[in-house]
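Each chain is listed here by its residues.
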Amino acid sequence: DHDRSGELYRRACEVMPACVNSPVRAFRSVGGEPMFYERGEGCFVIDEDGNRYADYVCSWGPLILGHAHPDVVDAVATAAASGLSFGAPCRQEVELAEIVTSAAPHLEMVRFVSSGTEAVMSAVRLARGATGRDTVVKFTGCYHGHADHLLVSAGSGLATFGTPSSDGVPESFARHTVVLPLDDEQAFVELMGDRGNEIAAVIIEGVPANSGLLIQTPDYMQLVRDECTRHGALLILDEVITGFRLGPNGAAGLYGVVPDLATYGKVIGGGMPVGAYGGSRDLMEKLAPLGPVYQAGTLSGNPVAMAAGIATLRTLLADGGSAYARLEELGARLEKGIARVFDEDNLPWSVVRVGSILWLALQDGEPPRRFEDIESACVETYAALHVALLERGVSLAPSAYEVMFVSLAHDEVVIDATIEAFQEAVEEIT
Ligand SMILES: *Cc1c(COP(=O)(O)O)cnc(C)c1O
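I will try to describe carefully the structure that is included in this document. (Residues numbered from 1 in each chain as written. Predicted model: local features only at pLDDT ≥ 70, side-chain atom pairs only at ≥ 80, totals over all residues. Heavy atoms only, no water.)

In this section: the packing of aromatic side chains. For the coordinates displayed, the defined rule picks out six aromatic pairs. Pairing Y37 with Y53 gives two aromatic rings, centres 6.3 Å apart and planes at 65 degrees, and the pair type is edge-to-face. Placement of Y37 in strand 1 (residues 37-41) and of Y53 in strand 3 (residues 52-55) is noted, with a sequence separation of 16 residues between them. Y53 gets classed as buried once you look at its relative accessible area, which sits at 3%. (Phe/Tyr/Trp six-rings, centres within 6.5 Å; stacked < 30°, edge-to-face > 60°. Helix = DSSP H or I, 4+ residues; strand = E, 2+ residues; numbered from the N terminus. Buried < 20%, exposed > 50% of the residue type's maximum accessible area, 1.4 Å probe, protein only.)

What follows is the structure in structure tokens.
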């Protein structure tokens, strides 16, 4: 039953809009009411009514070691016992910064903030300050958090001004953002040819994973890199999902692309609120107090959040990268199993995967590379699948556009049970 969750839901809706603190959690796109979780154990979450689910949300990516990993819990508890925050330098900041900068050769320096949104917002400000230009280019289907100038969608006609994608974002802000389709070399080269000298930064997700999983080709990523260099625009690689998930050097390592600035969040905080942005010393020293670009944070780099990040990254990076081989193995097993279920039922659906990130493309044909190629009909199918899987103890993200995350706490047993649940669920809904 869901009595306790139901009771909390009703109380929550009185005091929080749609009962939540972040919109997708409200289950609006899959129907039903969200469960309230009481605890997490490894790859499982347990709701207030004691129902247990194999978790493929993993707090939307951060929990790459699974829930309540003992090393992370210990590190957080130890740090907390010595003070939650000083608003002054602490050892943990240095340690985490050293880990992050040694994993990615293009990062000479980083600055920690408290969310991915903040990391991206600050990186964009730094890019504008460093170039003396105002315009930012982003791509449809990429999410970069909720800073005003990135809550923008394409205006009418390519390469025109963007329009706000949320009320409350002034038109005049959106005018500084240009939105292009992904995987469209011509549109990008044309834009850079026409307006390259006004563009401060081009921002792209390491692997776009917020509207399906839109895997870009290495050639396209390199073209974006080269065009930025040619026109003096900075390339910001948004590694908030991909950083330390795909490997020590994230998507930059996967594609062999070297960004000017990179942004981090999710995994680097191991479940605590941490974001970071970084790049060359030259660029990073444009930040206050050394330089003219202002950015600050009361809780930035607090020892407790840093401790969670350090424990998470140390575990991930121990043993020469065997953790990533394991994530690849688990991801591949889940991908193959679900694909086999779709195949046996003669469904034209596919499973898109990069490492431990998977997405169900519930549509015909090749996996899409552009947001525009995702068919909206998949939303209804996904909603049915989501419910059928929850009933079988498998928790997927409550939106067709969201990906699945596998953690190191998942194992063959839970993955095979998940595949079996898929088999039953798919048969039920088709
Ligand atoms: C989650 C995400 C963000 C925003 O991070 P928050 O911590 O939610 O503010 C930014 N960029 C990407 C690619 C993300 O996936």
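Resuming the write-up.
Another point: the nonpolar core. Y56, V202 and L360 are the most contacted members of the largest nonpolar core, which totals 81 residues. For Y56, the residues in contact, after removing those within four places along its chain, are L334, V394, S395, L396, V403, M404, F405, V406, H410, V414, I415 and T418. Membership of the second largest hydrophobic core comes to 33 residues, among which are V72, A79, F244 and L316. (Core = buried A, V, L, I, M, F, W, Y, C linked by side-chain atoms within 4.5 Å. Contact = heavy atoms within 4.5 Å.)

With that out of the way, let us pick up the sheet that holds strand 13 (residues 350-354). The three strands are arranged 13-14-16 in an open sheet whose pairing can be described as antiparallel. Only two strands of the sheet have a single partner each, and these edge strands are strand 13 and strand 16 (404-405). Looking at chain direction, strand 14 (residues 357-361) and strand 16 are connected through two bridges and run antiparallel. Across the sheet, the residue bridging to I357 is F405, located in strand 16. (Pairing = 2+ DSSP bridges.)

Moving on: the site of the ligand. All residues in the neighbourhood of the ligand are listed as S115, G116, T117, Y143, H144, G145, E205, N210, D238, V240, I241 and K266. Between the ligand and N210 there is a distance of 2.9 Å, counted from an oxygen atom to a side-chain nitrogen or oxygen. Taking K266, its side chain carries an N or O atom lying 2.7 Å from an oxygen atom of the ligand. Protein contacts shield 83% of the accessible area of the ligand, which totals 380 Å² for the unbound molecule. Its residues assigned to classes, the shell around the ligand shows three nonpolar, six polar and three charged. (Near = heavy atom within 4 Å. Polar contact = N/O pair within 3.5 Å; in protein donor to acceptor, adjacent residues only side chain to side chain. Areas by Shrake-Rupley, 256 points an atom, 1.4 Å probe, with all protein chains shown as cover. Nonpolar A, V, L, I, M, F, W, Y, C, P; charged D, E, K, R; others polar.)

A word on the pairing of strand 10 (residues 234-238). Counting buried residues along strand 10, five of its five residues qualify, which places the element largely inside the surrounding structure. Residues of strand 10 alternate between two faces, with L234, I236 and D238 on one and L235 and L237 on the opposite face, all of them buried. Where strand 9 (residues 199-205) and strand 10 come together, five bridges link them in parallel fashion. Across the sheet, residue I204 finds its bridge partner in strand 10, namely L237.

Here we come to the environment of S153. Looking at the secondary structure, you find S153 in strand 6 (residues 152-153). Between the C-alpha atoms of S153 and R230, which are 77 residues apart in sequence, the distance is 26 Å. Ignoring any residue separated from it by four or fewer positions in sequence, one finds S153 in contact with G162, T163, P164, S165 and V179.

Counted at 1.5 Å a residue, the expected span for helix 12 (residues 378-391) with its 14 residues is 20 Å, and the 20 Å between its end C-alpha atoms agrees. Within helix 12 the residues assigned to the buried category are C378, Y382, A383, L385, H386, A388, L389 and L390. Contacts from the buried residues of helix 12 go to strand 3, strand 14, strand 15 (394-395) and helix 13 (412-429). Among the residues trailing helix 12, G393 stands out with phi positive, at a value near 80 degrees. (Expected span 1.5 Å × (residues − 1).)

Time to look at helix 4 (residues 116-131). The α-helix advances 3.6 residues per turn, and as a result positions three or four apart in sequence lie on the same side. The terminal C-alpha atoms of helix 4 lie 22 Å apart, and with 16 residues this matches the ideal 22 Å at 1.5 Å per residue to within 8%. Where helix 4 is concerned, the buried positions are G116, T117, E118, A119, V120, S122, A123, V124, L126, A127 and R128. Phi for G132, located one or two positions after helix 4, is positive at around 70 degrees.

We now examine the pattern of salt bridges. This structure, assessed with the given rule, holds 17 salt bridges. Taking the shortest distance from any N to any O, the salt bridge between E41 and R52 comes out at 3.4 Å. Within this pair, whereas E41 is found in strand 1, its partner R52 is found in strand 3, the two being separated by 11 residues in sequence. Across the pair R314 and E95 runs a salt bridge whose closest N-O atoms are separated by 3.4 Å. You can see R314 sitting in helix 10 (residues 303-317) and its partner E95 sitting in helix 3 (residues 91-103), a full 219 residues away along the chain. Three or more residues joined by partner-sharing salt bridges are found here, namely E38, R39, E41 and R52. (Salt bridge = Lys/Arg side-chain N within 4 Å of Asp/Glu carboxyl O.)

A word on the environment of G168. Positionally, G168 belongs in the loop between strand 7 (163-164) and helix 5 (171-174). Measuring from C-alpha to C-alpha, the distance between G168 and E14 comes to 24 Å, with 154 residues separating the pair along the chain.

As a further point, take the side chain of Q216. Tracing the backbone shows Q216 in the loop between strand 9 and helix 7 (218-231). Once you skip the residues sitting within four places of it in the chain, Q216 turns out to touch L182, D183, P208, M221, Y255 and R369.

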